[in-house]
Amino acid sequence: MSLNVPVEKEFGLAEKEIPTRQERVLKAVRDRSVQVLTWVTLCGVIFVGTGWIMDGAAYVPGLLLELGVSLMLLVPLALLGLMLEKRLRKTEEHIRDATARLDALSAVTRERLIEHRRQRADLYQDAERNPTQALLRELLQDAIAVGAVAREGPRVRIAGTTLRLRLRMQAPDQNTLEAIVEEAGGGARKHLFWPEDESAEGFAERLAEILRTDHLYPGDQAYDPSDLLLRFVELLHTAVEARTGESEHDLGTVLEIPNTQWVVSREGLYCLDRHYHIPVARLTGFTDWPTHMAGQEWADRTRFGEAFRLARSLLK
């Protein structure tokens, strides 16, 4: 891109034509305020001439006095008006210049935002095909940065069990993910670390061994490590789209998505299907929510009961 291209041309802004002197004169003549001033001036000349005819030379001293007083008042006002007009013109020029700059900046910002969203979408597609530690870590960092998920990391359910797997950033080593096997209510059972150079298969096998040691392994048929990590990717994607406005409903700072209708967040319970939010204070202050929601035709009673019990245990 050439550096000497004007901003207006570079971003497609229309250039305004400068009117000629003849056009400005014609515009002034057509202006009603100019016409009114012209008629008032002519009336003043007629009044002066009439007074001269009626009083003769005796009228001259009074006329000169009146003209002097008028000039003393009119000239400063005229100068003040010219100064104000000049300042207004400069202000209009500054406003036009600032508007052009803002339009140019908005165009660049939009392009960068579109490019950033495209790169994010590519990362999610790559993670869905091959959920490596590096991809999951980058997506988790991005989700935390935009406030889509909690800093302590979101959780997904380990299929065939009531346990949850939480993944979070490990400080100070930002290249390592910390994995925590938790009870549904939030109590930690086991900790393990997922370094960058370990494959998803290797991590899944170590996790399975921990579950076997504690007699919590659901069996080879129920335990699907690829599905476990894919659900984690889906959780991050859903949370980020909600936070950045790409989806219709805000979901707060997501902790867990227990089913297809409800989300447990730091701010309470959110519905995935529609705009419906139950704040934390109301969750803990009113205990008969399942009965209340049973009267809502759109709410699945079983799914709400699951999400409600989980939210009360996590947000107490």
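If you're wondering where the values come from, they're calculated on a predicted model, not measured in any experiment.

## Side note on the packing of aromatic side chains
Part 1: Scanning the entire structure with this criterion turns up seven aromatic pairs.
Part 2: With 5.4 Å between their ring centres and 55° between their planes, Tyr217 and Tyr223 make a pair best called tilted.
Part 3: Classification of Tyr223 by relative accessible area gives buried; the value is 10%.
Part 4: Members of the aromatic cluster, joined through ring pairs, are Trp262, Tyr276, Trp298, Phe304 and Phe308.
Part 5: Directly above the aromatic system of Tyr217 lies the positively charged group of Arg212, at a separation of 4.4 Å from the ring centroid.

## Remarks on the nonpolar core
Part 1: Within the largest apolar cluster, 42 residues are counted, with the highest numbers of intra-cluster contacts made by Leu140, Val149, Ile158, Leu165, Val181 and Leu236.
Part 2: Secondary-structure elements contributing two or more residues to this core are α4 (59–129), α5 (133–145), β2 (164–169), β3 (177–182), β4 (188–194), α6 (200–213) and α7 (225–243).
Part 3: Excluding anything up to four places from it in sequence, Ile158 contacts Leu163, Arg164, Leu165, Val181, Leu211, Tyr223, Leu228 and Arg231.
Part 4: If you look at the next biggest cluster of nonpolar residues, it comprises 17 residues, including Ala299, Phe304, Phe308 and Leu315.

## A closer look at the pattern of salt bridges
Charged atoms that come close allow side chains of opposite charge to pair.
Part 1: Overall, the coordinates contain 21 salt bridges when judged by the stated rule.
Part 2: Close ionic contact of Glu306 with Arg157 constitutes a salt bridge, the shortest N to O distance being 3.9 Å. With Glu306 in helix α10 (residues 301–314) and Arg157 in strand β1 (residues 155–157), the pair connects residues that are 149 residues apart, well separated along the chain.
Part 3: Through salt bridges that share partners, Arg155, Arg164, Arg166, Glu182 and Glu256 make up one connected network.

## So, the environment of Asp142
Part 1: Within the secondary structure layout, Asp142 lies in helix α5.
Part 2: Excluding residues within four positions of it along the chain, Asp142 makes contact with His116, Arg120 and Val240.

## Remarks on α5
Part 1: The first and last C-alpha atoms of α5 sit 18 Å apart over 13 residues, in line with the 18 Å expected at 1.5 Å per residue.
Part 2: All buried positions along α5 are accounted for by Gln133, Leu135, Leu136, Arg137, Leu139, Leu140, Asp142, Ala143 and Ile144.
Part 3: At the exit of α5 stands Gly147, carrying a positive phi of roughly 80°.

## As for a nonpolar patch on the surface
Part 1: Together, Leu77, Leu80 and Leu84 line one region of the surface with nonpolar side chains, adding up to about 300 Å² of accessible area.
Part 2: Its place among the elements puts Leu84 in helix α4.
Part 3: Judged by its relative accessible area of 46%, Leu84 falls in the partly exposed class.

## A few points about the pairing of β4
Part 1: Looking at chain direction, β3 and β4 are connected through six bridges and run antiparallel. Across the sheet, residue Glu182 finds its bridge partner in β4, namely Ala188.
Part 2: Counting the residues in the hairpin turn of β3 and β4 gives five residues, including Gly186, whose phi is positive at 115°.

Definitions and limits used
- Residues numbered from 1 in each chain as written.
- Predicted model: local features only at pLDDT ≥ 70, side-chain atom pairs only at ≥ 80, totals over all residues.
- Heavy atoms only, no water.
- Phe/Tyr/Trp six-rings, centres within 6.5 Å; stacked < 30°, edge-to-face > 60°.
- Buried < 20%, exposed > 50% of the residue type's maximum accessible area, 1.4 Å probe, protein only.
- Lys NZ or Arg CZ within 6 Å of the ring centre and 35° of its normal.
- Core = buried A, V, L, I, M, F, W, Y, C linked by side-chain atoms within 4.5 Å.
- Helix = DSSP H or I, 4+ residues; strand = E, 2+ residues; numbered from the N terminus.
- Contact = heavy atoms within 4.5 Å.
- Salt bridge = Lys/Arg side-chain N within 4 Å of Asp/Glu carboxyl O.
- Expected span 1.5 Å × (residues − 1).
- Patch = residues over 30% accessible without salt bridge, like charges linked within 9 Å, V, L, I, M, F, W, Y side chains within 5 Å.
- Areas by Shrake-Rupley, 256 points an atom, 1.4 Å probe, with all protein chains shown as cover.
- Pairing = 2+ DSSP bridges.

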